[in-house]
Amino acid sequence: MKRKITNPFITGGYLGPEYFCDRLEEAGRIMNAISSRRNLTLISLRRMGKTGLLKHIKFQLEYSSKKCTVIYVDLLPTTNGNEMLNALSTALYRIRKSEKNFIERLLTIMSSLRPKLTIDPLTGEPSVEFKVESSSGVQSGLEQILKLISEIKQDIVFMFDEFQQISKYPEQNIESLLRTVIQSYPSVPFIFSGSSRHMLENMFMSPGRPFYQSSELMYLDRIKEDDYRVFIKENFNKSGREIDDVSISKIFDWTRLHTYYVQYVCNHLYGKGGKKTGEKEVKSLFHQILTDFEPQFVNYRNLLPPHQFRLLQAIGVEDGVLQPTSGDFIRKHDLTSPSSVMTSLKALTEKEMIVFDKGKWQVHDVFLSRWLEYHYRA
Ligand SMILES: Nc1ncnc2c1ncn2[C@@H]1O[C@H](COP(=O)(O)OP(=O)(O)OP(=O)(O)O)[C@@H](O)[C@H]1O
Ligand SMILES: [Mg+2]
């Protein structure tokens, strides 16, 4: 964790509290749920900082109290119950890999699922793989793993990132199966997280679903402007450099204060190395970003059906729209009819290219939104 890096604005992963703009309130709320043994589900737009916040909390729990084991499982790459089991066992294996007895027990109790150890050729990290023939295999595997985990003589916290993934598995019963197994461990807090608000709300708020009312929902918003401003200034100042307030406001405005995009802009501005960073540098970087990403954005024009691209372009040009089916909007952007707008709106939402946020339809990728605005402005 103590890797020294030269640019304080990271654009991927979590490298420790010094690179993290503290979300004191949000972290406090999650910590409170954990210490009160409540389950919590963290929901936000993509790239707002869910994973970062979970890793920050994991770091605090493990490094400050030293009495807690956090099992963080990223479900994004998993597509079925077997892969979920692999992801969970791999997370557990990596935490305990120095304890020979524990690992031997893990492999022994799971022997009927034919465990296989592999090493990731790029990271060198070990992984565990099972061969599960049926969903009863997934169930018994889950039960065994949770039983083994409950023997760990420390507080345990589970974090399931990209949890909505399980509702896409082909097996119909994984949700209820997981719920049943989890329910047998009421003293273990489970933190779920994901960006698909609609899917997660359905999972936790629909009476017919296994996870109904089993977790409180928490919506992660933008980092507070004042906190982010101090974080940016301090990190420039630490190396004897300056960035002025007007420039920071411009960054917040242009990136909509969306965490990943703020980090990306600050990382590049810092990387340029000048003693003073002002509006000139900021503007020039915005232009450079649009140029750098242009080949990728132009490609969307080739990949999307023309009407969908026209709608995307219109939303970008307007920097968000309240009523995309209104006559004015349709006429201004040549969008044919309300019904065709509805069809394209649905398709673009499913592709995660647009999102309804704070009362407006917005292009999800802020840089794409700015490129559309710049390129297609009247
Ligand atoms: N509080 C923070 N301070 C500084 N950087 C942060 C903070 N939170 C997140 N980041 C950075 O912002 C970027 C996006 O954050 P993260 O990956 O946590 O978002 P996410 O909501 O999990 O996104 P996704 O939905 O795509 O998984 C990452 O590069 C991360 O390092
Ligand atoms: Mg994430």
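If you're wondering where the values come from, they're calculated on a predicted model, not measured in any experiment.

Rules behind the numbers
- Residues numbered from 1 in each chain as written.
- Chains lettered and ligands numbered in written order.
- Predicted model: local features only at pLDDT ≥ 70, side-chain atom pairs only at ≥ 80, totals over all residues.
- Helix = DSSP H or I, 4+ residues; strand = E, 2+ residues; numbered from the N terminus.
- Rg over C-alpha atoms; globule rule 2.2 N^0.38 Å.
- Buried ≥ 20, exposed ≤ 12 C-beta atoms within 10 Å, placed from the backbone.
- Contact = placed C-beta atoms within 7 Å.
- Domains from an automatic or database assignment.
- Nonpolar A, V, L, I, M, F, W, Y, C, P; charged D, E, K, R; others polar.
- Near = placed C-beta within 6 Å.
- Core = buried A, V, L, I, M, F, W, Y, C linked by C-beta atoms within 7 Å.
- Axes fitted to C-alpha atoms, helices over the stretch in contact; angles between N-to-C directions.
- Parallel < 35°, antiparallel > 145°, perpendicular 65-115°, else oblique.

When you go through the protein residue by residue, the secondary structure sums to 15 helices and 11 strands. Relative to the 2.2 N^0.38 estimate, which gives 21 Å for 378 residues, the radius of gyration of the protein is 23 Å and therefore close to what a compact globule would have. When the 378 residues of the protein are sorted by exposure, 32% land in the buried category. The contacts of the protein with a sequence gap of at least 6 include a subset with a gap of at least 24, amounting to 70%.

Further remarks concern unusual backbone geometry. Notably, Asp334 is not glycine yet its phi reads approximately 60 degrees, a positive angle. Here Asp334 is to be found in the loop between helix 13 (327-332) and helix 14 (338-350). Even without glycine at this site, Thr336 takes up a positive phi of about 70 degrees. Within the secondary structure, Thr336 sits in the loop between helix 13 and helix 14.

Taken domain by domain, the protein consists of domain 1 (22-219), domain 2 (223-303) and domain 3 (304-378). For domain 1 versus domain 2, the distance between C-alpha centres works out to 34 Å. At the junction of the two partners, domain 1 supplies 5 residues and domain 2 supplies 5 residues. When its residues are assigned to classes, the side of domain 1 that touches domain 2 shows 1 nonpolar, 1 polar and 3 charged.

Attention now goes to the site of ligand 1. Not every one of the 20 residues close to ligand 1 is listed here, only the nearest: Cys21, Gly49, Lys50, Thr51 and Gly52. Contributing elements (two or more residues each) for the shell around ligand 1: helix 2 (50-65) and helix 10 (259-272). Split into classes, the residues belonging to the shell around ligand 1 amount to 6 nonpolar, 10 polar and 4 charged. The residues that make up the shell around ligand 1 include at least three from each of domain 1 (22-219) and domain 2 (223-303).

On to the nonpolar core. Among soluble globular proteins, nonpolar side chains are generally buried collectively. Membership of the largest hydrophobic core comes to 44 residues, with the highest contact counts inside it found for Leu88, Phe158, Met159, Phe160, Ile166 and Ile191. Residue contributions to this core peak at 6 residues, all from helix 3 (residues 81-96). Ranked by size, the runner-up nonpolar core spans 34 residues in total, among them Ile248, Val262, Cys266 and Ile289.

Let's shift gears to the packing of helix 12 (residues 306-317) against helix 14. Taken N-terminus to C-terminus, the directions of helix 12 and helix 14 make an angle of 85 degrees; their axes are 9 Å apart at the nearest point. The orientation of helix 12 relative to helix 14 falls into the category roughly perpendicular. Contacts from His307, Gln308, Leu311 and Leu312 of helix 12 reach helix 14 at Ser340, Val341, Ser344, Leu345, Ala347 and Leu348. Within the contact of helix 12 with helix 14, the residues separate by chemical class into 6 nonpolar, 4 polar and no charged.

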